[in-house]
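# A closer look at the structure
Chain residues, written in single-letter form:
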Amino acid sequence: MTRNLCFIAALILSSCTVKENRSVCPCELLVRSEEALKTDGGVLVSVVQDGKVVGQGTMGREDFENGGCRFTVPRRPSTVTVFSGITSMDTAGGRMLGIPRDFQCDEIYSTAVSANLKDDSQECTVSLHKNFARLFLKVIGKPDSAELRIMGLVAGYDILSLEPQTGDFDFMPSGGTDGTDYCEVRIPRQKDDALTLHVKYEEGRMRNIPLGMLIAESGYSFEDADLSDISVTVDLSKSYALVGVLGWNTETYSHIEF
């Protein structure tokens, strides 16, 4: 894979001689994962000190796994954040890793760890967590001419804190035309119940299905470190939904009226 590194240094650091006070010398930091990354795509790594980025790099999966993520940074208590699986999301020069309009969330795995940098060279080993959910959506009773849109109020993550960031999530899934539409949509970690399925009929009439509320009533938690996938079957003719939480080893389902 062609190496693609883009490093931003907040400070220009010089090396030290043996006779100098080593505490003011920079630290050569290596960031690596304790296990193979679970998805392809870009890896974004940031080193944060006192709320400011002192080192940041974007690279491919292979470069990261082969020890290509290195920074020269001050010896200070630091936070290291890592996002992997980046394909369509981007930072656009800011602090938010954003989801473009009409796109799904990438298959994002991420983490933030503390690192007390005090030696000439140190290694920071991280374990990434699943920071997106696959929504398996089945809609019964939809006319062939009707359009579906999934909309919400979270459109990315803060690259320093990993917190979900407010923005317009807007994605039009594709499905069958047999009266039962099925699709799979990747959604970001939510911080409210605003996620909504919009059904637009041919004559212009709109119907809004409160997906976020249905998911919350099923007992699903967006606070889990690793997000489970979700299955939602919506019957438009009977105004009921079957919501499933698809965990690593178990599945639970709830029937909910709306």
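For the structure itself, consult the block above.
Criteria and cut-off values
Residues numbered from 1 in each chain as written. Predicted model: local features only at pLDDT ≥ 70, side-chain atom pairs only at ≥ 80, totals over all residues. Heavy atoms only, no water. Buried < 20%, exposed > 50% of the residue type's maximum accessible area, 1.4 Å probe, protein only. Helix = DSSP H or I, 4+ residues; strand = E, 2+ residues; numbered from the N terminus. Pairing = 2+ DSSP bridges. Axes fitted to C-alpha atoms, helices over the stretch in contact; angles between N-to-C directions. Contact = heavy atoms within 4.5 Å.

### Some thoughts on the pairing of strand E18 (residues 240–246)
- Burial analysis of E18 places 5 of its 7 residues in the buried class, the great majority of the element.
- Sheet topology note: the strand E17 (residues 229–235)/E18 ladder contains 7 bridges and is antiparallel. Looking across to E18, one finds that Asp235 is bridged to Tyr240.
- From the end of E17 to the start of E18, which pair antiparallel, there are 4 residues, and Ser239 there has a positive phi angle of about 50°.
- Both E18 and strand E19 (residues 251–257) contribute to a ladder of 7 bridges, which runs antiparallel. For Tyr240, the partnering residue across the bridge sits in E19 and is Glu257.

### Let's talk about unusual backbone geometry
- One non-glycine residue, Asp50, lies in positive phi territory at about 55°.
- Relative to the assigned elements, Asp50 resides in the loop between strand E3 (42–49) and strand E4 (52–59).
- Owing to a relative accessible area of 60%, Asp50 belongs among the exposed residues under this scheme.
- At Leu162, a position not held by glycine, the phi torsion is positive, near 75°.
- With respect to the secondary-structure elements, Leu162 resides in the loop between strand E12 (147–158) and strand E13 (164–171).
- With relative accessibility at 14%, the residue Leu162 sits in the buried group.

### Quick word on the sheet that holds strand E9 (residues 121–126)
- If you walk across this open sheet you meet the 3 strands as E5-E2-E9, and the pairing is mixed. Each edge of the open sheet carries a strand with a single partner, namely strand E5 (70–73) and E9. For this sheet the average axis-to-axis angle between neighbouring strands, irrespective of direction, equals 25°.
- Bridge analysis of strand E2 (residues 27–33) against E5 gives 4 bridges, and the strand direction is antiparallel. In the strand pairing of E5, Leu30 is matched with Arg70.

### Details of the side chain of Ser84
- With respect to the helices and strands, the residue Ser84 is situated in strand E6 (residues 77–86).
- The exposure class of Ser84 is buried, given its relative accessible area of 0%.
- Sequence-distant contacts of Ser84, defined by excluding residues within four places in its chain, comprise Leu37, Thr39, Gly42, Val43, Glu107, Ile108, Tyr109 and Leu128.

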